[in-house]
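So you can see what is in the structure, the chains are spelled out below.
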Amino acid sequence: MPTIIVHGGAGADPGQGREELRSGVRAAALAGWEILAANGRALDAVEWAVRALEDHPRFNAGLGSVLTSTGTLEMDASIMEGDRLGCGAVAAVSRVANPITLARRVLEGGRHVLLVAEGAHAVARATGVPECDPAALVTERQRRRHVEGSRVGVGGTVGAVALDRRGTVAAATSTGGMAGKQPGRVGDSALIGCGTYADNTLGGVSCTGDGEAIIRVVLARQALAYLKEADDVDYAARVAVDLLVEEGRGQGGLILVDWRGRTGWAHSTPLMPVALMSPALLEPRVPF
Ligand code: ASP
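A brief look at the structure comes next. (Residues numbered from 1 in each chain as written. Predicted model: local features only at pLDDT ≥ 70, side-chain atom pairs only at ≥ 80, totals over all residues. Heavy atoms only, no water.)

Below, the discussion takes up the site of the ligand. Around the ligand, the surrounding shell consists of T157, T175, G177, M178, R185, D188, S189, T208, G209 and G211. In the model, a nitrogen atom of the ligand is placed 2.6 Å from a nitrogen or oxygen of the D188 side chain. The contact in question runs from an oxygen atom of the ligand to an N or O atom on the backbone of G209, over 2.7 Å. Of the residues belonging to the shell around the ligand, the class tally is one nonpolar, seven polar and two charged. (Near = heavy atom within 4 Å. Polar contact = N/O pair within 3.5 Å; in protein donor to acceptor, adjacent residues only side chain to side chain. Nonpolar A, V, L, I, M, F, W, Y, C, P; charged D, E, K, R; others polar.)

A positive phi angle, close to 40°, is found at A117, a residue other than glycine. Tracing the backbone through its elements, the reader meets A117 in helix α4 (residues 117-127). In this structure, R249 takes a positive phi of about 65° despite not being glycine. With respect to the helices and strands, the residue R249 is situated in the loop between α8 (233-246) and β9 (252-258). Residue class for R249 comes out exposed when judged on its relative accessible area of 61%. (Helix = DSSP H or I, 4+ residues; strand = E, 2+ residues; numbered from the N terminus. Buried < 20%, exposed > 50% of the residue type's maximum accessible area, 1.4 Å probe, protein only.)

The next subject is the layout of surface pockets. As a volume, the second largest pocket reaches approximately 160 Å³. Taken together, R41, L43, E81, D83, R84, G86, R104, L107 and E108 make up the full set of residues lining the second largest pocket. Considering only residue class, the lining of the second largest pocket consists of two nonpolar, one polar and six charged. (1 Å grid on protein atoms, 1.4 Å probe; cavity = no way out; pocket = protein on both sides within 12 Å on 5 of 7 lines; lining within 4 Å. Points joined across faces, edges and corners; volume = space filled by probe spheres on them.)

In terms of burial, strand β6 (residues 169-175) is largely enclosed, as seven of its seven residues are buried. Residues V169, A171, T173 and T175 of β6 are buried on one face, and the alternating residues A170, A172 and S174, pointing to the opposite face, are buried as well. As defined by bridge partners, strand β2 (residues 75-81) adjoins β6 across six bridges and the pair is classed as antiparallel. Note that in β6 the partner of E81 across the bridge is A170. Two strands pair when backbone bridges link them, and strand β5 (residues 158-163) and β6 are joined in this way by six bridges, in the antiparallel orientation. What sits directly across from G159, in β6, is T173. (Pairing = 2+ DSSP bridges.)

Before going further, it helps to spend a moment on the pattern of salt bridges. If you walk through the whole model with that rule in mind, you get 18 salt bridges. The partner of R104 in a salt bridge is E108, and the shortest N-O contact between them spans 3.0 Å. Placement of both R104 and E108 in helix α3 (residues 99-109) is noted, with a separation of four residues, approximately one turn of the helix. Residue classification places R104 among the buried positions, given a relative accessible area of 6%. The exposure class of E108 is partly exposed, given its relative accessible area of 45%. Salt-bridge contacts for D164 lead to R166; the nearest nitrogen and oxygen are separated by 3.5 Å. Overlapping salt bridges bring together D44, E47, R104, R105 and E108 as one network. (Salt bridge = Lys/Arg side-chain N within 4 Å of Asp/Glu carboxyl O.)

Let us now look at the sheet that holds strand β8 (residues 203-209). Strand order in the open sheet formed by four strands is β7-β8-β9-β10, with antiparallel pairing between adjacent strands. The strands lining the two open edges of the sheet, one partner per strand, are β7 (196-199) and β10 (263-267). On average, adjacent strands in this sheet sit at an angle of 10° to one another, irrespective of strand direction. By the bridge criterion, four bridges tie β7 to β8 in an arrangement that is antiparallel. Within the sheet, the bridge partner assigned to T196 lies in β8 and is S206. Packing of helix α7 (residues 219-230) onto the sheet brings it into contact with β7, β8 and β9, and relative to β8 it is tilted by some 135°. (Axes fitted to C-alpha atoms, helices over the stretch in contact; angles between N-to-C directions. Contact = heavy atoms within 4.5 Å.)

Written as structure tokens, this is what we have:
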């Protein structure tokens, strides 16, 4: 049964502005769902759901990404398809509005899994992914936050996990990273197994939160190990977040779809915008 779930990042509750987050994740779930409902691939569904959130200025990915300590922009993204464990990722890119599409080009290239900075931009040029001025991706809101030295907020990393009618699972994650990070820092969102994972025999996962903590416990792959153990999506999501907090020593959350299309999510932060869509629903569920 086809299913999609998307997240808009684990973080603090902004109080006001929740409606904007709700409509953002809802539209992203619908963008992916239209592809699945038309018999499309899970890989396309997660790419286009994430692109919708990258294009939305309120989320910390693509347009609206947070800034580094020196005021520059460095984005990470990864994507994976669960039938042959095909995966692609980019890190520290600054000149593409949709890093997730660039990660997909790396996947399609088949030779490498992770390309960074200029190496990744060279793939953009070679494969026709449009390049832009990094300044065009910096919003007034993030510029102000940088000037104020603010590191608190609603996270805003984005991700999607989907299952298509062929039984293929795919997962994708995209982020501007942690606000005020040191230039050159790469987080979990670019790392297969940490921020993103998909395996048709188990399911798919996209994570968000303190990247260093997520990397420490290899969170996405570990969540699927819990799923294998208990065959219960809620249990797997909850225990994985416990692991992140207790052994990873950080906060965050994740979304998950198992090979049968059951969805689960959990977070240790006050808020993690989520939206999901499946044939049983008339319109996306936005449970936050
Ligand atoms: N995990 C992302 C990173 O560390 C940030 C986030 O999810 O808010 O780069």
